[in-house]
Amino acid sequence: MSKPTSPFTKEQLLPQEEMIEVARKKGKLFIGIPKETSYQEKRVCLTPDAVAALTAHGHRVLLETNAGIGASFTDRDYSEAGAEITNDKTKVFGCPIILKVEPPSLEELEHVNPQTVLISALQLKTQSKGYFQELAKKRITALGFEFIRDADGAYPAVRALSEIAGTAAVLIASELMSSATASQGSGLMMGNISGVPPVEVVIIGAGTVGEFAARSAIGLGANVKVFDNSITKLRCIQTNIGRPLFTSTIQPKNLLKALRRCDVVIGAVRGKNRAPIIVTETMVECMKPGAVIIDVSIDMGGCFETSEVTSHDHPTFEKHSVLHYCVPNIPSRYARTSSLSISNIFTPYLLQIGDEGGIENAVRFDRGLKNGLYFYHGILTSKPIADWFDLSYRDINLLIL
């Protein structure tokens, strides 16, 4: 009987040992940080300490001159931390990784090289279809930091900025009530002064903004009432603050009663496309003269019918004898604190991207980071964006194996 013929040798037919994946090499990142050009935006993505941590790991950081000046960080601070400083905006936008707080404008995108990694806020409601078409044309990989999730499934960047906005709302209200302000406030002080009735504060919305507004107001000695239609959120705010608190669902009769008595009302309600209008103009007319409205929801349209967008230069206006504060970008008012907070979120992710050998490996193994990815090599991977602007998209899990 003849021997069977085979194209393989005897050695090739023997069982082979399993091939183990070779360890990934760490990558060296080259990060560009341009100066923010958006109106009244003073924040910066990385602090000098964060830059020092990145450069200590062998990464390069190129900073546009005076990028941190709005947050009281000088070029010298960054230079001593290991960053390279340049006057050339084009050179900064030419870096392989661009880090920004606000999304780049269409003019700034012209300076961006193809295949660049862009990490910034997305701010979907302020974008145009042309912005995403430009990203696709340059095959950019883009991460929106407000969509990045942590291990608990929460959004760390959104929560951090909401904490600042909630605390700031109470501080701003306290300042506006002062008699020394240009608007001649009611002259009341948030403080538990013996023999003086405490200031009444109403907070609409029991999310992160509402929780930190309540913490600050209680810490200053105010009487606080929180309204929200979610019993779970109301229960959580009671538990997190750790003390008995007036909470109620949003019922017009109870809300109107609270508004008539309050000195400050803070709106912190969000909706899907627009914040729902909770307080009508008729309700505002019933409020005490000299009362203060802080509409934190104004970036989503506002939850007061009388709200109109204002700026940090002219933050207030008066309507029905009630002072309104409706500035969309409240955290930018406290630029240094906000920059520190954002930097604390960015730095670990950047170090992780470097350790994983690049953005592709990082998003492959980190589900939370992958959640923030909305463009991958010029391909839209976000269904909400595709639905909003009538664009085609692909599932990111089909692109990254």
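Residues numbered from 1 in each chain as written. Predicted model: local features only at pLDDT ≥ 70, side-chain atom pairs only at ≥ 80, totals over all residues. Heavy atoms only, no water.

K.L.:
I'm lost on the packing of aromatic side chains in this one. Help?
P.N.:
One pair of aromatic rings is described through two measures. These are the centre distance and the angle between the planes. Counting across every chain of the model gives eight aromatic pairs. Arranged with centres 5.3 Å apart and planes meeting at 90°, the rings of F145 and F346 form a pair that is edge-to-face. Of this pair, F145 sits in the loop between strand 6 (141-144) and helix 7 (156-176) while F346 sits in helix 12 (residues 335-355), and the two are 201 residues apart along the sequence. No difference in accessibility class separates F145 from F346, as the two residues are buried. Aromatic side chains F227 and F246 sit 6.0 Å apart centroid to centroid with 55° between the ring planes, which places their arrangement in the tilted category. Taken as a pair, F227 in strand 8 (residues 223-227) and F246 in strand 9 (residues 246-248) lie far apart in primary sequence, 19 residues in all. A relative accessible area of 0% means that F227 is categorised as buried. Counting every residue linked through ring pairs, the aromatic cluster contains Y131, F132, Y374, F375 and F389. Residue placement shows R60 over the ring face of F30; its charged tip is 3.9 Å from the ring centre. (Phe/Tyr/Trp six-rings, centres within 6.5 Å; stacked < 30°, edge-to-face > 60°. Helix = DSSP H or I, 4+ residues; strand = E, 2+ residues; numbered from the N terminus. Buried < 20%, exposed > 50% of the residue type's maximum accessible area, 1.4 Å probe, protein only. Lys NZ or Arg CZ within 6 Å of the ring centre and 35° of its normal.)

K.L.:
Would you mind showing me how to read the sheet that holds strand 2 (residues 60-64) here?
P.N.:
Sheet strands line up and pair through hydrogen bonds in the backbone, either parallel or antiparallel. Taken together, the eight strands give an open sheet; going across it, the order is 3-2-1-4-5-6-14-15, and neighbouring strands pair in mixed fashion. If you trace the sheet from one side to the other, it starts and ends with strand 3 (84-86) and strand 15 (379-380), each paired once. In this structure, strand 6 lies alongside strand 14 (residues 373-376), joined through two bridges in antiparallel fashion. Bridged to L143 within strand 14 is L373. Packing of helix 6 (residues 129-137) onto the sheet brings it into contact with strand 5 (117-120) and strand 14, and relative to strand 14 it is tilted by some 50°. (Pairing = 2+ DSSP bridges. Contact = heavy atoms within 4.5 Å. Axes fitted to C-alpha atoms, helices over the stretch in contact; angles between N-to-C directions.)

K.L.:
I keep staring at the nonpolar core and nothing clicks. Help me out?
P.N.:
Taken as a class, soluble globular proteins show a tendency for nonpolar side chains to be buried jointly. Counting 46 residues, the largest nonpolar core has L46, L99 and F346 as its most contacted members. The contact partners of F346, leaving out residues within four places of it in the chain, are C45, L46, L99, K100, I119 and F145. (Core = buried A, V, L, I, M, F, W, Y, C linked by side-chain atoms within 4.5 Å.)

K.L.:
I tried to follow the sheet that holds strand 8 on my own but got confused; where do I start?
P.N.:
Spatial ordering of the open sheet is given by 9-8-7-10-11-13-12, a layout of seven strands whose pairing is mixed. Both outer strands of the open sheet, strand 9 and strand 12 (316-319), are each paired with one neighbouring strand and no more. Averaged over all neighbouring strand pairs, the angle between strand axes comes to 20°, with direction disregarded. For strand 7 (residues 200-204) and strand 10 (residues 264-267), the ladder comprises four bridges, and the chain directions are parallel. By the bridge assignment for strand 10, V202 is matched with V265. Relative to the sheet, helix 9 (residues 231-241) contacts strand 8 and strand 9, its axis offset from that of strand 9 by approximately 170°.

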